[in-house]
Amino acid sequence: MVNLYSIKIKDKEIPVRLNSNRNFKSFRISFNINKGYMNISKPFFMKLIDVKRYIKNNEDLIYAEYLKMLEYKKEVDLKKEKNKRKWITGEKLLYLGKEYDIVINEVDKDIVNLSFESDNKILINIESNLDDEVRRYNILKIVKKILKEKTEEIIYKRLKYWTKTTGISYNSVRVKYVKTRWGSCVKKTKSLNFSSRLVMFPLEVIDAVIVHELCHIIYPNHSKEYWQLVYKFLPKYKEYDNWIKQNMDKFSLD
């Protein structure tokens, strides 16, 4: 059970997310930098009055940690803003592991479209004289649409190969835009989900994500047996996984 509320300590109104669960063994306080709130996790049997008493007895420490979190969040937000894509000529976008130069072509028509050119360029035609945010929104929308279509083409094609190679079958597959993971598997329904950003990866790395999720249909965990199965089909899996880690800063679209 999760409850949202706030507490006031000195001059700060601190947002709180209280999570009570029967599986929790201990009481814990942490701070979510992205959301800017204090997270409290407690065992289900622990009374709210005991939580409030703990907070009251540790106000100075919590206050100091909250200020530290706010300062760090400010730095993170500034970095995000600095790295935020502007979708202008000269920026780069990964496609099948290669960096393409973005070229923005402003036209007099009410259109926005995207094409891959032969010289490793991505040409985006868009109406001129648009407000910056509207322009950025329209470009981002067409980019996400095209990447999703391209990812679907590859996923469906490569799944045919890998289901035949591994002997592992699935019931459904879905491609959608997600920021938090590249793929997921629901063993019970044998459903596979993939990020529409996968087309930014080299083909062999896309294969690694596909095999990773297919193997979860057999082992819904990361046990020794699971990894043995993955490496059976992809002996260079670690190399592909490292490529993703080394290029994390290139996958953002927002």
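Residues numbered from 1 in each chain as written. Predicted model: local features only at pLDDT ≥ 70, side-chain atom pairs only at ≥ 80, totals over all residues. Heavy atoms only, no water.

1. Quick notes on the packing of helix α4 (residues 203–216) against helix α5 (residues 224–233)
Selection rule: A fitted line through C-alpha atoms represents every axis, and for helices the fit uses only the stretch in contact; the resulting angles, taken between N-to-C directions, go from 0 to 180 degrees. A run of H or I in DSSP becomes a helix once it reaches four residues, and a run of E becomes a strand once it reaches two; helices and strands are each numbered from the N terminus. For classification purposes, angles smaller than 35 degrees are called roughly parallel, those larger than 145 roughly antiparallel, those between 65 and 115 roughly perpendicular, and all remaining angles oblique. Take the far helix as your reference; a near helix turned counterclockwise from it by less than a right angle gives a left-handed crossing, and one turned clockwise gives a right-handed crossing. By the convention used here, residues are in contact when the closest approach between their heavy atoms is within 4.5 Å. For this classification, Asp, Glu, Lys and Arg are treated as charged, while Ala, Val, Leu, Ile, Met, Phe, Trp, Tyr, Cys and Pro are nonpolar and the rest, including Gly, are polar.
Running from N to C, α4 and α5 cross one another at 140°; their axes reach a closest spacing of 10 Å. Considering their axes alone, α4 and α5 lie oblique with respect to each other. Considering the relative orientation of α4 and α5, their crossing is right-handed. Here V211, H212, C215 and H216 of α4 come into contact with α5, specifically with Y226, W227, L229, V230 and F233. Split by residue class, the contact of α4 with α5 holds seven nonpolar, two polar and no charged.

2. Remarks on the pairing of strand β5 (residues 92–95)
Which entries qualify depends on this criterion: Being paired, for any two strands, means DSSP has found at least two bridges between them.
Bridge analysis of β5 against strand β6 (residues 98–107) gives four bridges, and the strand direction is antiparallel. Residue pairing for β6: Y95 is matched across the bridge by K98. Here β5 folds back onto β6 in antiparallel fashion, the turn holding two residues, of which L96 has a positive phi close to 50°.

3. Focus: unusual backbone geometry
For K10, which is not glycine, the phi dihedral falls at a positive 55°. Relative to the elements of secondary structure, K10 occurs in the loop between β1 (2–9) and β2 (12–21). If you check the backbone angles, N120 has positive phi at about 55° while not being a glycine. Checked against the element boundaries, N120 lands in the loop between β7 (112–117) and β8 (121–127).

4. Brief notes about the sheet that holds strand β11 (residues 191–195)
Read across the open sheet, the three strands follow the order β9-β11-β10; overall the sheet is mixed. The outermost strands of the open sheet, each flanked by one partner alone, are β9 (172–176) and β10 (183–186). Sheet twist, expressed as the mean angle between neighbouring strand axes with direction ignored, is 15°. Of the pairings in the sheet, the one linking β10 to β11 comprises four bridges and is antiparallel in character. The residue bridging S184 from the neighbouring strand is N193, located in β11. Those strands touched by helix α3 (residues 132–166) are β9 and β11, and its axis lies near 155° from that of β9.

5. Looking at the environment of K8
You can see K8 is positioned in strand β1. Through-space distance from the C-alpha of K8 to that of Y63 is 9.6 Å; in sequence the pair is 55 residues apart.

6. Overview of the pairing of β6
Here β6 runs beside β8; their pairing, made up of seven bridges, is parallel. Bridge pairing in β8 places I104 opposite I124.

7. A look at the sheet that holds β7
Reading across the sheet, the four strands line up as β5-β6-β8-β7 and stay open at both edges, with mixed pairing between neighbours. If you trace the sheet from one side to the other, it starts and ends with β5 and β7, each paired once. Taken pair by pair, the neighbouring strands of this sheet meet at an average axis angle of 30°, ignoring direction. As judged from the six bridges shared by β7 and β8, these two strands associate in the antiparallel manner. Across the sheet, the residue bridging to L114 is I124, located in β8.

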